[in-house]
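Coordinate analysis (summary)
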There are 2 protein chains.
Amino acid sequence: MRKEFWQEDFEVLGKNDLKKLQVERLNATIEHAARSPYYKTLFQQKNIHKGDIKDIAQIRDLPFTTKQDLRENFPYGFLTLPKKEIIRLHSSSGTTGNPTVIFHNRHDLNSWANLMARSLFCAGIRDTDVFQNICGYGLFTGGLGFQYGIETLGALSIPAGAGNSLRQIKLMQDYGTTAAHAIPSYLGRLYEVFQSAGLDPKKDTKLKTLVIGAEPHTDEQRKRIEEMFGVRAFNSFGLSEMNGPGVAFECEYQNGLHIWEDAYVVEIVNPDTLEPVPDGEYGELVMTTLDRQSMPLIRYRTRDITRIIPGKCECGRTHRRIDRITGRSDDMFIIKGCNVFPMQIEGVLMKIPEVGSDYLITLVTLNGTDEMVVEVEVKKEWFKGDIRRLDNLTKMITAQIRDEVLAKPIVKLVEPGYIPKSEGKAVRVVDNRVNGVTKENISCS
Amino acid sequence: MRKEFWQEDFEVLGKNDLKKLQVERLNATIEHAARSPYYKTLFQQKNIHKGDIKDIAQIRDLPFTTKQDLRENFPYGFLTLPKKEIIRLHSSSGTTGNPTVIFHNRHDLNSWANLMARSLFCAGIRDTDVFQNICGYGLFTGGLGFQYGIETLGALSIPAGAGNSLRQIKLMQDYGTTAAHAIPSYLGRLYEVFQSAGLDPKKDTKLKTLVIGAEPHTDEQRKRIEEMFGVRAFNSFGLSEMNGPGVAFECEYQNGLHIWEDAYVVEIVNPDTLEPVPDGEYGELVMTTLDRQSMPLIRYRTRDITRIIPGKCECGRTHRRIDRITGRSDDMFIIKGCNVFPMQIEGVLMKIPEVGSDYLITLVTLNGTDEMVVEVEVKKEWFKGDIRRLDNLTKMITAQIRDEVLAKPIVKLVEPGYIPKSEGKAVRVVDNRVNGVTKENISCS
Ligand SMILES: [Zn+2]
Ligand SMILES: [Zn+2]
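Notes on the structure in this doc start here. (Residues numbered from 1 in each chain as written. Chains lettered and ligands numbered in written order. Predicted model: local features only at pLDDT ≥ 70, side-chain atom pairs only at ≥ 80, totals over all residues. Heavy atoms only, no water.)

1. Topic: the coordination of the zinc ion (ligand 1)
Residue and element names in this part refer to chain A. What counts here: Donor atoms: N, O and S within 2.8 Å of the metal, or within 3.2 Å for Na, K and Ca. Because water is excluded, sites can look incomplete. The geometry test gives tetrahedral to four donors whose angles all lie between 85 and 135 degrees, gives square planar to four donors and octahedral to six donors whose opposite members are over 155 degrees apart with all other angles between 65 and 115, and gives irregular to the rest. Strands are runs of DSSP state E lasting at least 2 residues, helices are runs of H or I lasting at least 4, and numbering of each runs from the N terminus.
The coordination sphere of the zinc ion (ligand 1) contains the protein donors Cys 251 (SG), His 258 (NE2), Cys 313 (SG) and Cys 315 (SG), at a distance range of 2.0 to 2.3 Å. Relative to the metal, the 4 donor atoms surrounding the zinc ion (ligand 1) lie at angles of 99 to 117°, and the coordination shape comes out tetrahedral. In primary sequence terms, the donor set of the zinc ion (ligand 1) follows C-x6-H-x54-C-x1-C. Taken together, the residues His 258 in strand 9 (residues 257-259) and Cys 313 in the loop between strand 13 (308-309) and strand 14 (321-322) connect sequence positions 55 residues apart.

Structure representation (C-alpha cells):
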C-alpha cells in the first residue's frame, strides 16, 4: 500500500533539507521575537540578531527561556504584535503566582490546526472518521486544539466535552463514533460505565482508534486500553506553551512520537548541566517554536523528561521520534553520578509480572556512600514456596534497574501493603542522604 | 460619522434586491434539500421542484418542518451530503426521546462564523476588543458559535467557558476584557461575586459591551445589567436548528434584533391557523435556511413567539428586526377569540412601578362566558392610604393589558406573598374553563 501523508512536502523531508528549513525559520523567529519587550532586551544584551544562525547547531548559542521568565513578564512581555492582531489566548489557571498565557494570531491558529490535522492523519484518522472529542473545552488547549484539527482534517467532529459517561456512550452509538480523544484515566472509568450498562465497547460501538494524552501513562496502560475498547490507542503529546496538542504524535507503528521538526527545534539536555545528551539518552525536552508569530519561544525548557528514539521509522516520516514522557525534570535525582528519573525505575518494575502496584525509592548514606534502596511490593502468591525464587527475582530486578539507570540499586522485596499509602499523589522518592540533594519526598506521577 | 458594516454588500441591500437574493437562494436550498431522504420523499409527494419559487411569497406553498419531524428522522433523515463531507455536528441532550442533531460541512461552518462576526460587529464589537466568552463549549452551540465568530471578526477571544466567577473576574482584569458574552441570569451572580470581592465592575474592569442571550429576559433586566456593569448590553438570538447564535442581533440602536434575511427567510405565523400575521403582531417565528448545504430546513417552526418591528432602523441595515422573544407558542392560549401569550401580560405588568414580582393568570368560565382573571401582586406601600389609588391602578392595568392582548381581563390586586410560589419554573397560567383549552398549569419562562 502506498504510504499516505497529510503534507508529504514537509513530513518526509531529507535531513539536510529539514535543517535548512529550520535555519531559515529560526532566523525568522529571531526577527519576530526581537519585537517582544522580553527578547528585545535580551537579544540586545547578548548581541543576538536575525541571520546569526547559519547552522541549526548554533541554536545552542541562544539563551534558554523558562516558565519563570513567562511568569515574570506576564502578560505582554513576550508579545510581538499589537493586541489588535491577536485573536485568541490560552491561559493557565494561575492558582499559584501569575498564570502563563500564550497569544495567537490567525497565522498561529492556522499553523496549529494544520499540525493537529497532520498528527491525527499520522495516527490513521481520515475524513471518513467520526471523531468524538471527550475533553474539556475553553482555556484548556485540548478542546479547541483537537476541534480545529479534526475540522481541518475533514473528519466529522463531535465536540462532546468532558464527563457525563452515559451521554458519551449514547453519542458513540447514535453517530457511529470511530475515533475519540480522551485522557487515559478517564477511559478506565468510561469502560466501567459501559460494563454497568451491560455494554461491550468492542461489540456495541464502531470505535477503532483512541487518541490518549495529556497525562503521563505507561505502555502497559495503553495496551490495557486497546484491549478494553478493541482499538488501537495512539499517544499524543503537547503543552500549552508550544500551542497545546499537535506537538508530537505516534504513527501507525506506535514506536515513539514524531515531533514536528519543521515547526519546532527539538533538543534534549541534561537538566543539571544544560548540555545536550546523545540520542537515546534521557534528558529534558527543550523546544523552540519555528512557525509562531505572536509569541515565539526560544529554547523553552519544558521540564518534560524524554529521549530521542534513535533510528528511522518505517512509516517514512523523517521527523525524529521522542519517547513517552517519563516524568518532570524536577523529579530527577543524582545517585552514584547518574541522573535518575523515578519513572525510569517504574517503567522497569511495571514490566515484571511478579511485581505488585507499589514501590518506594529511598536514598540513604551507608558508611559514607550514597545508596538507592528500592522497596518493591511483590504479589502475594510469590511469598509462598521456595525462598530461592525471591532471591532470583531480587537479582533480576537489580540487574534490570542497573541496566536502565546505570546505578546499582539495593532491591528489597516486600509484601503487598507494606509500603504506606499516601493521600493524593504517591510519594515515590524519599531522600535521607547526609550530603545528598536537599529535596525530600520527591514525588512523580 | 460614517456608518460601518461587516458586509455592506449584504447588510444594506434594498428590499427588492434582498428578495431577489432570497428567491435565488431558496431555489438552491430546495435543490440541496431534495438530496435528503426526508425532503426527497416530501417534495415528490407535494410535487415541489427547484425553480418553483419565482417570488419569495411563494414560500407559503412549501410545507412546514417541525421539531417532531427532526426527531422522527433522527439522525440522518435530513442530511443531504455523504458523512465524509460533514465536519461537525451539534446535538441536543435528548433527555426525552431522540435528540435533535444539526450537521455542518465546511461551507456551513464558514457561513455561520461569518454571520456571527457580522452580528458582533453590528453590536459595536471591533478587532480592537478583548472578548471573553463566558459560556459552555462542546455540543452547546454558544461556545463554539461565539468562538469562531470572535476569531472571524478578529477580536481577541478569551475562551473562558462557563462558571468559576472569581476566575472570570481575574481574566477580565488580567487581559483588560472590553466585551463579554454571558446568559443574563449568570451576570447577576457574577455581579454579586464582584461585590463580595470588594470590586466594582464599573471601575475595576474595562468592560464596555455585554452580549446577552440564550435565556428569555425583559428590557428591564437588560437595563439593570447595563447599570450594574456600566456597559451597553445587546440582545443575541439564535437556536441550534438555525446553527446557534448569530441568527438575529441588536445594533447600536438597541431597538429590536436584525434578523439576517440573506441567510434566512423569516415568517411570523399564527400558531393555530399557521397563517401569516401582519408586521407588528405577535406570532410564531418560522425560519428557512438560505445558506446551509448539509442540512437545510424549510419553514421550520421555532415555537418562539415574537413580532416583526415595523419601520426602518436608523443604523441603515435593511434586514428586518424581530422583537425580543416573549415566550413559546406552546404557552399561547385563546380567550375571547384573541391569541394571548403570557409574556405579553408580563411585559405590561413589569413596566408598572407599583407592581411587585408575581402575578397569576386564571382562565375561568363565569355565567357561560370565558374570562381571564389576572391577579397582580402590588408592592406593600401601596396597600396603605386612599383606596381610590388602588381602584385607579386596577383600571390602569386593565386598560393596558386590553391594549396589548385585545381581550379585557378581570384584574385583581393582591398583597405581596398572596400568590403561592412554585418550586422551579413559575406557574403563570391556570386554565379552569369549562370548555376551554384542555391545557392546565401552562407555564411560561
Ligand atoms: Zn512513524
Ligand atoms: Zn439597526
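Now that the structure is up, let's keep going.
2. Focus: the sheet that holds strand 11 (residues 283-289) of chain B
Residues and elements named next belong to chain B. Going by this rule: Whether two strands pair depends on DSSP finding at least two bridges between them. Axis definition: a line fit to C-alpha positions, over the contact stretch in the case of helices; interaxial angles, taken between N-to-C directions, run 0 to 180 degrees.
In space, the 3 strands of this open sheet follow the order 10-11-12, with antiparallel pairing throughout. A single partner strand is all that each edge strand has here, and the edge strands are strand 10 (264-269) and strand 12 (300-306). Each strand axis lies, on average, 30° off the axis of its neighbour in the sheet, ignoring direction. Across 4 bridges, strand 11 lies against strand 12 in antiparallel orientation. Paired with Val 286 across the strands is Arg 301, a residue of strand 12.

3. What about the coordination of the zinc ion (ligand 2)?
All names here are of chain B. What counts, and what does not: A simple rule labels every residue: compare its accessible area, found with a 1.4 Å probe on the protein chains alone, to the largest value its type can have, and call it buried under 20%, exposed over 50%, or partly exposed in between.
Cys 251 (SG), His 258 (NE2), Cys 313 (SG) and Cys 315 (SG) make up the full set of protein donors to the zinc ion (ligand 2), lying at 2.1 to 2.3 Å. Angles of 100 to 118° at the metal separate the 4 donor atoms of the zinc ion (ligand 2), which places the site in the tetrahedral class. Taken in sequence order, the residues that donate to the zinc ion (ligand 2) follow the motif C-x6-H-x54-C-x1-C. Residue His 258 is classed as buried on the basis of its relative accessible area of 0%.

4. Remarks on unusual backbone geometry
Here the bond from Phe 74 of chain A into Pro 75 of chain A is cis, since omega is -5°, no more than 30 degrees from zero. By secondary structure assignment, the location of Pro 75 of chain A is in the loop between helix 4 (67-72) and strand 1 (86-91). Residue Asn 164 of chain B is not a glycine yet carries a positive backbone phi of 55°. Inspection of the secondary structure assignment puts Asn 164 of chain B in the loop between strand 4 (156-158) and helix 7 (165-175). For Gln 254 of chain B, which is not glycine, the phi dihedral falls at a positive 50°. Inspection of the secondary structure assignment puts Gln 254 of chain B in the loop between strand 8 (244-250) and strand 9 (257-259).

5. As for the pattern of salt bridges
Quick reminder of the rule: The salt bridge criterion pairs a side-chain nitrogen of Lys or Arg with a carboxyl oxygen of Asp or Glu, the two atoms within 4 Å.
Taken as a whole and assessed by the stated rule, the structure comprises 50 salt bridges over all chains. When the shortest N-O distance is used, the salt bridge between Glu 267 of chain A and Arg 299 of chain A registers 2.6 Å. With Glu 267 of chain A in strand 10 (residues 264-269) and Arg 299 of chain A in the loop between strand 11 (283-289) and strand 12 (300-306), this residue pair connects regions lying 32 residues apart in the sequence. For Arg 299 of chain A, a relative accessible area of 3% translates into the label buried. Among the ionic pairs, Asp 174 of chain B bridges to Lys 170 of chain B, the shortest N-O distance being 2.9 Å. On the criterion of helical spacing, the pair formed by Asp 174 of chain B and Lys 170 of chain B is a turn pair, its members being 4 residues apart in helix 7. It is possible to trace a salt-bridge network through shared partners that takes in Asp 219, Arg 222, Lys 223, Glu 250 and Arg 324 of chain A.

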